[in-house]
Amino acid sequence: MNLYLRYFDRETLVHSVDDAIDFLSSIDEIGMNPVLESDIRDYVASDVYYPKRYKIRPRVYFIIIKTEAATMQDFKDKKALRSGNNDGTSIKDRAASPAVMKLNEERPGWYEGAIDFKRVLMVPGTGKFQYRDTHFVAQVKAVSGLDCYNRIVDHLRQRVDERSQFPSAKGKNFRFHFLGLAKES
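Asks: Sorry, what's going on with helix H1 (residues 17-25) here?
Replies: Side chains three or four residues apart in an α-helix point the same way, a direct result of the helix having 3.6 residues per turn. Buried residues of H1: Val17, Ala20, Ile21, Phe23 and Leu24, and no others. The buried side chains of H1 occupy one side of the element, clustering within an arc of 160° when seen end-on. On the buried face of H1, the contacting elements are strand S1 (2-7), strand S2 (10-14), helix H2 (34-45) and strand S4 (60-67).

Rendered as structure tokens:
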């Protein structure tokens, strides 16, 4: 896995995260610090394959793109940007399928689901409404992670303002884990 980095007209293709950090450290405007370095290392180590954009100041960013391209010319020619690997699956398939498969995996029993959503609440005194970030956790009997999500959202839709906004089950604002099998009655 190689990394393509660009900041305005300065760009490079590197073969390791240390080379990427060295390149970014050489640019004074970026202001490399331990927090930024840690975030870059986490991004490179993750299974995420979409480009990452880092904000330097308003409307000024640098980007990092994971690629299989061996040279800058290959990258520019869009060779190996979404190439397959040895087992015939593409990078896109490898990135998307574990989360979706886990969400749809049928395993009847008890689940604990946690959802972070935008709840509409009235502000006392003004009578106006505002969105408020709300965290909700529930234990539900379901057959899959997606079923757990659907049951939680159905429950909340009956109890909160209809203008409240719920995240996608595939996003980072919904998490679940299997608690155990349900007893047969």
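Asks: So what exactly am I meant to see when it comes to the sheet that holds S1 here?
Replies: Within a sheet, neighbouring strands are paired by backbone hydrogen bonds and run either parallel or antiparallel to one another. Pairing in this open sheet of 4 strands is antiparallel, and the strands run S2-S1-S4-S3 from one edge to the other. This sheet does not close on itself; its edge strands, each paired only once, are S2 and strand S3 (52-57). The sheet shows a mean angle of 15° between the axes of neighbouring strands, direction not considered. Relative to S2, S1 runs antiparallel, the two being bridged by 5 bridges. Each bridged residue has a counterpart across the sheet, and for Leu3 the counterpart in S2 is Val14.

Asks: I'm lost on the sheet that holds strand S7 (residues 174-180) in this one. Help?
Replies: The strand order across the open sheet formed by 3 strands is S6-S5-S7, and the pairing between neighbours is antiparallel. With partners counted over all chains shown, the strands left at the sheet margins are strand S6 (129-142) and S7, one partner each. Across the sheet, the mean angle separating the axes of adjacent strands is 20° when strand polarity is ignored. Against the sheet, helix H5 (residues 145-157) touches strand S5 (109-122), S6 and S7, its axis set at about 130° to S6.

Asks: Any chance you could explain the nonpolar core here in plain terms?
Replies: Nonpolar side chains in soluble globular proteins generally cluster together in the buried interior. One finds Leu5, Leu24, Ile30, Ile40, Tyr54, Phe62 and Ile64 to be the most contacted residues of the largest nonpolar core, which totals 18 residues. Sorting the residues of this core by element identifies S1, H1, H2 and S4 as the ones contributing at least two each. Among the elements that line this core, the one with the most residues is H1, at 5 residues. Excluding residues that lie within four positions of it along the chain, Ile40 makes contacts with Val17, Ile21, Leu24, Met32, Tyr54, Phe62 and Ile64.

Thresholds, definitions, all that
Residues numbered from 1 in each chain as written. Predicted model: local features only at pLDDT ≥ 70, side-chain atom pairs only at ≥ 80, totals over all residues. Heavy atoms only, no water. Buried < 20%, exposed > 50% of the residue type's maximum accessible area, 1.4 Å probe, protein only. Helix = DSSP H or I, 4+ residues; strand = E, 2+ residues; numbered from the N terminus. Arc of directions from axis to C-beta. Contact = heavy atoms within 4.5 Å. Pairing = 2+ DSSP bridges. Axes fitted to C-alpha atoms, helices over the stretch in contact; angles between N-to-C directions. Core = buried A, V, L, I, M, F, W, Y, C linked by side-chain atoms within 4.5 Å.

So far we have only geometry, and geometry alone does not tell us how the molecule works.
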